[in-house]
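These are the residues of each chain, in order.
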Amino acid sequence: MFSGRSLLLLLHICSLTVSSLALPFEQRGFWDFSMDGDGGNPTSAMMRDEEGSGMEEELPPDVPLCPFGCHCQPHVVQCSDLSLTVVPKEIPKDTKLLDLQNNRITELKENDFKGLSNLYALSLVNNKISKVHPRAFTPLLHLKKLYFSRNLLTVVPRNLPPSLVELRIHENRINTVPEGTFSRLGSMNCIEMGGNPIQNSGFEPGAFKGLKLNYLRISEAKLTGIPKDLPDSLHELHLDNNQIQAIKLEDLKLYKHLQRLGLGQNHIRMIENGSLSYIQNLRELHLDNNRLTRVPKGLQDMKYLQVVYLHSNNISQVDVSDFCPRVFGIKRSFYHGISLYGNPVNYWEVQPATFRCVTDRLAIQFGNN
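Within each chain, residues carry numbers counting from 1 in the order of the written sequence. Local features in this predicted model are restricted to residues of pLDDT 70 or higher, and side-chain atom pairs are both shown and tallied only at a pLDDT of 80 or more, whereas totals for entire chains, interfaces and linings draw on every residue. Side-chain numbers here rest on the full set of heavy atoms in the structure, without hydrogens or water.

**Notes on the overall build of the protein**
Working step 1: Counting from the N terminus, the helices are the DSSP runs of H or I reaching at least four residues and the strands are the DSSP runs of E reaching at least two. Counting its regular elements, the protein contains 2 helices and 18 strands.
Working step 2: Here the protein holds 369 residues, and 49% of them are scored as buried.
Working step 3: Should any heavy atoms of two residues lie within 4.5 Å, those residues are considered in contact. Contacts in the protein between residues far apart in sequence, at least 24 positions, make up 50% of those at least 6 positions apart.
Working step 4: As displayed, the protein has an accessible area near 18500 Å², and 49% of this comes from carbon and sulfur atoms. We call a residue buried when its accessible area falls under 20% of the maximum for its residue type, exposed when it is over 50%, and partly exposed in between, using a 1.4 Å probe and counting protein chains only. Using a 1.4 Å probe, the Shrake-Rupley method yields the accessible areas, and only the shown protein chains count as cover for residues.

**Let's talk about the UniProt feature "domain: LRRNT" (unreviewed entry) in the protein**
Working step 1: UniProt positions are given in the numbering used here, feature names are shortened, and annotations may be inferred rather than shown by experiment. With numbering aligned to this structure, UniProt lists the feature "domain: LRRNT" (unreviewed entry) at residues 65–97.
Working step 2: With 0% helix and 21% strand, residues 65–97 has end C-alpha atoms that lie 16 Å from one another.

**Some words on the state of the cysteines**
Linking two cysteines covalently via their sulfur atoms produces the bond known as a disulfide.
Working step 1: Any pair of cysteine sulfurs within 2.5 Å is marked as a disulfide. Tallied over the entire structure, the rule returns 3 disulfides.
Working step 2: Across the disulfide, C66 is cross-linked to C72 (sulfur-sulfur distance 1.9 Å). Given an S-S torsion of about 80 degrees, the disulfide between C66 and C72 has right-handed geometry.
Working step 3: By relative accessible area, C72 is classed as partly exposed at 28%.
Working step 4: Residue C324 pairs covalently with C357 via a disulfide, S to S 1.9 Å. Note on the C324 and C357 pair: the S-S dihedral is about -85 degrees, so by sign convention the disulfide is left-handed. One end of the pair, C324, is in the loop between β16 (307–309) and β17 (337–339); the other, C357, is in the loop between β17 and β18 (364–365), with 33 residues separating them in the sequence. Of the two residues, C324 and C357, both sit in the buried class.

This is the structure we're talking about:
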C-alpha cells in the first residue's frame, strides 16, 4: 500500500513528449500514469494531507464504499494483485485512476465501467482478458490512458473511447489490425503494441487511418519489412526485434517528421541509396545488431542527426565521408554518439577526419578503445 506522500511522488511520470529520447516503454506499475494538467492539478487535490484533524469524522451516507479488498483514496482505486476474476462492483463514481493489474480477469462486460465517466486512467495489465464487449468502454467519456498489456487479446478492442491519448497493448496475441480499427481516435498520441505475433500482412490497408500519432512501437513482432501507410505525423517509430531484411527506397517516404527511428536487432543487410533522404529531421537512428556490411549512405547529409547505433553488424570499412559532410557548416547538430563496436573494422585504420563533426572523441565507441 502507498502512503499519501509517496503516492504523489510516483504520479509525476510517463509524460508524452514529441521529442522524447527515452528508452522503449516498460510497464513497471500502475503509477506510471501521469495526469495532464488542465488548470488545476487533480492529483494534488486528491492527495492533500488530512492529518490536521485528529478526530474521526462520520462519513455522510452518500459517500461510496470501496470495493472489498481494494485500497481507495480520493479519486484513486487500487485493486491490483487480488486474484480478481471480474471487475469489482461499487467503484466510486468520481474515480480518476483505477488499477486492476495483476489479476485473473478474463472478460470485460458491457456494464463493468458503468457510471465511471470521470475515469482518466485504467490499468488492466497482466490479466487473462480475451473478450471485450463492444460497449464496455462506452461510459468512459474522459479516459486518456488505457494500459491493456500482457493479456490474451487477439484483436484490438472495438469502440475505444474517442478521448483516448495513450494505448499500451503490447504482449497480447494480436495478429490482425483491420481497416478502421482506430477510427474516431483523433486525439491518440501514443500506441505501444510490441510483443504481438503480427506480420506485415496483418495490417490491413487503412488500419491507421485518421491517427495523428507521435509515438508508435511495434517491436518484438514478426515484421519482415517496414509496414505501409503508418501515420505520417510520427516523431518516434520503434520496430526493433523483428525480422526486417531491408529498407527500400519508398519505405520511409511518408515520415518526414521522424526524430527517432529504432530498427535494431533485425536482419537488415541492405539500405537502399536515397531511402534515408526522406527523414532529414532525424536525431537518433538505431541500426545495431543487424547484418550491414558498410555504413549506410546518406548519413552525412542528415543535418540534425546526433546519435547513430551501428554496433554488432558486419561493417569492415569506414570511409572518411560516411558520417560528416565534406563542406563545413552544413551540419546543424554535431554527433553526441556513434557506436561501431562489435564490427570487423580496426579503429586504427579509420582516418581521424572521419569524425570531424563529432563533439568529443569519447562519443565514438570502438569496443574497448
